[in-house]
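Fold and contact review
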Amino acid sequence: MPSDRPGEERVPGPGPLWSEPGTLLEHVAVAVFGFDEDDRICYWGPGAQDLFGHEAAAVLSRPAATLFPDPPRGAPHASRQLAERGRTLGYWRGRLPALRRDGTVFECGFRVFPVTGAKGRSVVMGLASRGDELDRVKTNLAFLDALFETCPIGLVMLDEELRYVHLNQALADMDGLPIEDHIGRRMEEIMITSDGGEYERMLGAVAAEGRPVVSMLTSGRPDRDQVRSVSFFPLSQAGDTRPGLGGLMVDVTDREQAIVEAGASRQRLALLDRAAARIGTTLDVNVTARELVEAAVPDFSDASVVEVVEWMDEAEVFNPELPLVTRRIASGTVLPPPATELVSGLESVTYPPGSAIHEMLRTGLPVSVPVDADFVTRTVMHQARAQLLVDSGLTCLLLAPLVARGTIQGIAMFGRSAARPAFTEQDLSLASELASRAALCLDNARLYSRVQDIALTLQRALLPSALATSPYVQVAHRYLPGSHITEVGGDWYDVIVLPDDRIALVVGDVMGHGVPAAASMGRLRITAKALARHNLEPADLLSELDACAQESGIELATCLYILFDPTTGRARIASAGHPPPLVLHPDGMVETISDVLGVPLGVGGHPFGTTEIDLPDDSILALYTDGLIEARGRDIEEGMNQLRAELRRTSGPLEGEVDRILSSLLPDPPDDDTVLVLARVHRGPRCGRQSDEA
């Protein structure tokens, strides 16, 4: 045991190190010293100067009591107790207060034991370390022991040959083997992966290059369908220990499965969100069905069809004992033939009692069925269609009822090929949501179509089926209902022959759509016709019509009334907020009669005025509603300019010209109801005689 002697060069002991290579003594500063038989310091080893602050020359041969504080009065000195215990017990360890050269007292841990020195003399050797440093090391060791004993994360130590050196019970449980069955075996014997040796090469790279790997996902035992997150790091070589690897392993199978399921859930929610925005954009049954198919294919399924049930009576209910007849209104697939022919080759489909369709409609819940012999036999009536289904590549179908207001609207089918997983319970829930939304939209479209048909039928019944004729006025007229989106409006027109060869031309528009607008339009048209027969001035007629509108609750309507007298060639005009009439003169000039504007009908409190103009023989009057000149992206003035331009081009029969003007100005389908009346006027014989006399 070396000692620091006077005149010798002292080799300073290294200070405390943390998590660095080296022996245990390098982690805890240890002072080595010795007491002779006279309790004097005879050895002063490495670290003693750092611990006590005394140089060797200053402390050797001095009493051991130099290293301890003075005891209480009457108590034995600590140095004497230490020496006696070492000699009598042979080995003793404990803690005593120690004294540094600067007077600082600190707790110190001692180990003492006797040795035989030179010439047979007995020496008590002592090892001393600071108490707080010993506590730190003990705490760390206790932590490591507890970590390996109780940590739920798999811990492992491998040697440089990647053999198990140490592992905890958590990893043993993860592997399904006892700890003792691991020790000494190579990791690839336990961790059997199917990555072509990539996992083992990763471990070798960590050992060779010293670069750690953090949170790498790999499989565990193949018979356990396990996913692990592994982290490996090189172990520092301490003293003569061999190099190796340390590792942490966490079973993340549940987490990864949850991530996969969460991803699938997000995809389903995204699909449902897209479908919600896509399905029901119009009130058209066929369009709604196509939107459902487009939302499902290919994001949700490889093929899809939508079929509606054509009930003979709205009150009819589904009878599972009877065949079910449906009409296929939408289909789509991304599979190659014959899948295309399978989904689109039929318009009317009949399902026999006992089919999977009947079972689904009986419960009212979506079902998933395999495309097997039993399904084909029970559901498909025709052998050729059955063979198409077998050859289509579809392996499973999801059948969902389209039910709204307690009424079966139809069915939706979604099919998947073997390239996709079979439908899950979550898929059934998603299909139910899609079907519910589609069924509601289909039902709304059906109801709307029914209401629109009623309104259109009512309006056509209230409009004149044949206009009155006169030798002095040739009329071509058209009424075009608006698109399916805007519904039927309240546009109307009429030609009324009055006494003395006079002719009244009327055009009007009730604000609003649907049955109420059509009913209000019919009321105003019939009233206007009755008032015209009472020989009223145009302004007076509009006043009476305005009173009728107020009494009937019609809040807003426009009307243009023109009374033409062929014997004078004069026309008297009054308007209730209606677009102005146009006059095409024989010389090609188009005149706008814009000084006849008045307030709309139903407003009340404002008088109407009458304007009188002269109409040359063979001139053409153009009466219309605002649907002709108003459109999306086009203001009224632009529409008026286009109408005047088209009217100037009029040269042939009015029937052809009215169609030409409509096709030039209106989109397909029209945005709003539109009326256009072209009337070519001729002067009568009395007007000619008056002109000759004049």
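Residues numbered from 1 in each chain as written. Predicted model: local features only at pLDDT ≥ 70, side-chain atom pairs only at ≥ 80, totals over all residues. Heavy atoms only, no water.

With respect to the nonpolar core
Of all hydrophobic cores here, the largest spans 33 residues; its most connected members are Ile-279, Leu-292, Phe-300, Val-306, Leu-398, Leu-402 and Phe-414. It is helix α14 (residues 425-462) that provides the largest number of residues to this core, a total of 10 residues. Setting aside chain neighbours within four positions, we find Val-306 in contact with Ala-289, Leu-292, Val-293, Arg-327, Arg-328, Ile-329, Ala-330, Leu-402 and Ile-411. Leu-335, Tyr-351, Ala-386 and Leu-399 belong to the second-largest nonpolar core, a separate cluster that totals 28 residues. (Core = buried A, V, L, I, M, F, W, Y, C linked by side-chain atoms within 4.5 Å. Buried < 20%, exposed > 50% of the residue type's maximum accessible area, 1.4 Å probe, protein only. Helix = DSSP H or I, 4+ residues; strand = E, 2+ residues; numbered from the N terminus. Contact = heavy atoms within 4.5 Å.)

Side note on the sheet that holds strand β16 (residues 407-417)
Taking strand neighbours across the sheet as the criterion, the 6 strands line up as β13-β12-β11-β16-β15-β14 in an open arrangement whose pairing is antiparallel. This sheet does not close on itself; its edge strands, each paired only once, are β13 (348-351) and β14 (367-370). Shown here is a sheet whose adjacent strand axes are inclined to one another by a mean of 30°, direction ignored. Of the strand pairs in this sheet, strand β11 (residues 303-309) and β16 are connected by 6 bridges, and their pairing is antiparallel. The residue bridging Val-306 from the neighbouring strand is Ala-412, located in β16. (Pairing = 2+ DSSP bridges. Axes fitted to C-alpha atoms, helices over the stretch in contact; angles between N-to-C directions.)

Some words on the packing of aromatic side chains
Per the stated rule, a full pass over the model turns up 8 aromatic pairs. Judged by centre distance (5.6 Å) and plane angle (45°), the rings of Phe-300 and Phe-423 are tilted. With Phe-300 in the loop between α9 (285-296) and β11 and Phe-423 in the loop between β16 and α14, this residue pair connects regions lying 123 residues apart in the sequence. Ring-pair connections join several aromatic residues into one group, and the members of that group are Phe-33, Phe-35, Trp-44, Phe-52, Phe-68, Phe-106 and Phe-110. Directly above the ring of Phe-300 sits Arg-416, whose terminal nitrogen or CZ lies 5.2 Å from the centroid. (Phe/Tyr/Trp six-rings, centres within 6.5 Å; stacked < 30°, edge-to-face > 60°. Lys NZ or Arg CZ within 6 Å of the ring centre and 35° of its normal.)

Examining the packing of helix α17 (residues 636-648) against helix α18 (residues 654-665)
A packed helix pair is summarised by two numbers, namely the angle formed by the two axes and the spacing between the axes. Put simply, α17 and α18 touch, their axes get as near as 10 Å, and they point 150° apart. Between α17 and α18, the angle is such that the two are roughly antiparallel. Crossing angle aside, the handedness with which α17 passes α18 is right-handed. In this structure, α17 contributes Gly-639, Gln-642, Leu-643, Glu-646 and Leu-647 to the contact, and α18 contributes Arg-660, Ile-661, Ser-664 and Leu-665. Among the residues forming the contact of α17 with α18, the class breakdown is 4 nonpolar, 3 polar and 2 charged. (Parallel < 35°, antiparallel > 145°, perpendicular 65-115°, else oblique. Left-handed = near helix turned anticlockwise from the far one by under 90°. Nonpolar A, V, L, I, M, F, W, Y, C, P; charged D, E, K, R; others polar.)

Topic: the pattern of salt bridges
Within this structure, the stated rule accounts for 30 salt bridges. With a shortest N-O distance of 3.1 Å, Glu-107 and Arg-95 are connected by a salt bridge. Here Arg-95 lies in strand β3 (residues 92-99) and Glu-107 lies in strand β4 (residues 105-116), a separation of 12 residues in the sequence. Between Glu-646 and Arg-660 there is a salt bridge whose closest N-O contact spans 2.5 Å. Within this pair, whereas Glu-646 is found in helix α17, its partner Arg-660 is found in helix α18, the two being separated by 14 residues in sequence. A single salt-bridge network, built from bridges that share partners, covers Glu-537, Arg-570, Arg-572, Glu-612, Asp-614 and Arg-683. (Salt bridge = Lys/Arg side-chain N within 4 Å of Asp/Glu carboxyl O.)

Observations regarding the environment of Leu-430
Here Leu-430 lies in helix α14. Counting along the chain gives 162 residues from Leu-430 to Arg-268, while the straight-line C-alpha distance between them is 6.9 Å. Once you skip the residues sitting within four places of it in the chain, Leu-430 turns out to touch Arg-268, Leu-271, Leu-272 and Phe-300.

Regarding the environment of Ile-179
Mapped onto the elements of the fold, Ile-179 is located in the loop between α5 (169-175) and α6 (187-190). For Ile-179 and Tyr-164, which are 15 residues apart along the polypeptide, the C-alpha to C-alpha distance reads 9.5 Å. Those residues in contact with Ile-179 that lie beyond four places of it in its chain are Leu-167, Asn-168, Gln-169 and Ala-172.

Concerning the sheet that holds strand β22 (residues 582-584)
One open sheet holds the 5 strands; their spatial order is β17-β26-β25-β22-β23, and the pairing between them is antiparallel. The open sheet has two free edges, formed respectively by β17 (473-480) and β23 (590-592), since each of these has just one partner strand. Direction aside, neighbouring strands of the sheet carry axes that sit 15° apart on average. Direction of pairing for β22 relative to strand β25 (residues 620-624): antiparallel, over a ladder of 3 bridges. Among the inter-strand pairings, Leu-582 is bridged to a residue of β25, identified as Ala-622. Sitting on the sheet, α17 touches β22, β23, β25 and β26 (674-681), and the angle it makes with β22 is about 25°.

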